[in-house]
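Chain residues, written in single-letter form:
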Amino acid sequence: MNKALRSENEEPQAKAGRRRLILPQPMSLLGTGQPDVETELMAQLGPDTVFMMGDNPALSQMPEKPKLLDFFRQRFTPFTRNHLLQSALVALKSGMEEKVVLACLLHDIANGALIRVDHGYWGAQLIEPYVSEEISWAVRNHQALRFFADESVGYKYPEAYIKFFGPDYEPAEYVKQAYMQARQHRWYMTSRLITLNDLYSFDPSVTVDPEQFTDIIGRHFKQPPEGLGFDGSAVAHMWRTMIWPNNLL
């Protein structure tokens, strides 16, 4: 295995004296033109070389009973963490209801350490057992609403999307349908306010202390006593994936 691939796909396991190989998830390679290294890594297995399972020493170890802010501190990418905290702070300073502040804090949660594709749907599933139905609905539907302007609240199509996707980009049909349905829903404005606070929350010079949202989280996010990932909920496996993102299986 070449040096670049070795540094990218191995971590030392000092206690056992073994190398632990990290096999990238197939979704991260499909369509990229990057080589599928599964066969190559399989060939390296032996008494002193195993696949990564459990805690990766390159990552900070999560608490035994992790809470929401533990994922913000220890598993979310800096970009997503800062964006979510800024978004929630903008909503808070604007005097918005606490449910909107929490929805802003959680709206891109799937992007943080799990998956970007259809992130509104994944994010809504992640939080559904722990928040009100309105908050999870708002997180799910902000994915579609962000592509469509609403002059009544001053929301325009984001200029960043022209840069990201090109001036001729058209949202997929299912996104258009989701928008039309959400536009008629009684919780439309809760989700729309996520998109509004989303736009102004990408300042790399702003640092937000997550602790200032502790009380709002305590009032509106039902953190399980067993810890996120270990409460037996239908989404516990998704939180465990973020705790141990490099597990082979």
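Source: prediction; values computed, not measured.

S.K.: Could you give me a rundown of helix 13 (residues 236–243), with the residues and numbers involved?
M.R.: Three- or four-residue spacings in an α-helix give side chains the same orientation, since the helix completes a turn every 3.6 residues. Every buried residue belonging to helix 13 is among Ala236, Met238, Trp239, Met242 and Ile243, and all of these are buried. One face of helix 13 carries all of its buried residues, which in axial projection span an arc of 165°. Contact partners of the buried residues in helix 13: helix 3 (68–74), helix 6 (109–113) and helix 7 (119–127).

S.K.: Before we move on, can you summarise a nonpolar patch on the surface with the specific residues and values?
M.R.: A surface patch of nonpolar side chains, about 310 Å² in accessible area, is lined by Phe164, Phe165 and Tyr169. Turning to its location among the elements, Tyr169 is positioned in the loop between helix 9 (159–165) and helix 10 (173–183). You can call Tyr169 partly exposed: its relative accessible area is 34%.

S.K.: How would you sum up the pattern of salt bridges? Please name residues and give values.
M.R.: The full count for this structure, using the stated rule, is eight salt bridges. For the salt bridge of Arg192 with Asp150, the shortest nitrogen-to-oxygen distance reads 3.8 Å. Of this pair, Arg192 sits in helix 11 (residues 188–198) while Asp150 is found in the loop between helix 8 (133–145) and helix 9, placing the two residues 42 residues apart along the sequence. The same class applies to Arg192 as to Asp150, namely buried. One network of salt bridges, in which partners are shared, links Asp70, Arg73 and Glu211.

Rules used in this analysis
Residues numbered from 1 in each chain as written. Predicted model: local features only at pLDDT ≥ 70, side-chain atom pairs only at ≥ 80, totals over all residues. Heavy atoms only, no water. Buried < 20%, exposed > 50% of the residue type's maximum accessible area, 1.4 Å probe, protein only. Helix = DSSP H or I, 4+ residues; strand = E, 2+ residues; numbered from the N terminus. Arc of directions from axis to C-beta. Contact = heavy atoms within 4.5 Å. Patch = residues over 30% accessible without salt bridge, like charges linked within 9 Å, V, L, I, M, F, W, Y side chains within 5 Å. Areas by Shrake-Rupley, 256 points an atom, 1.4 Å probe, with all protein chains shown as cover. Salt bridge = Lys/Arg side-chain N within 4 Å of Asp/Glu carboxyl O.

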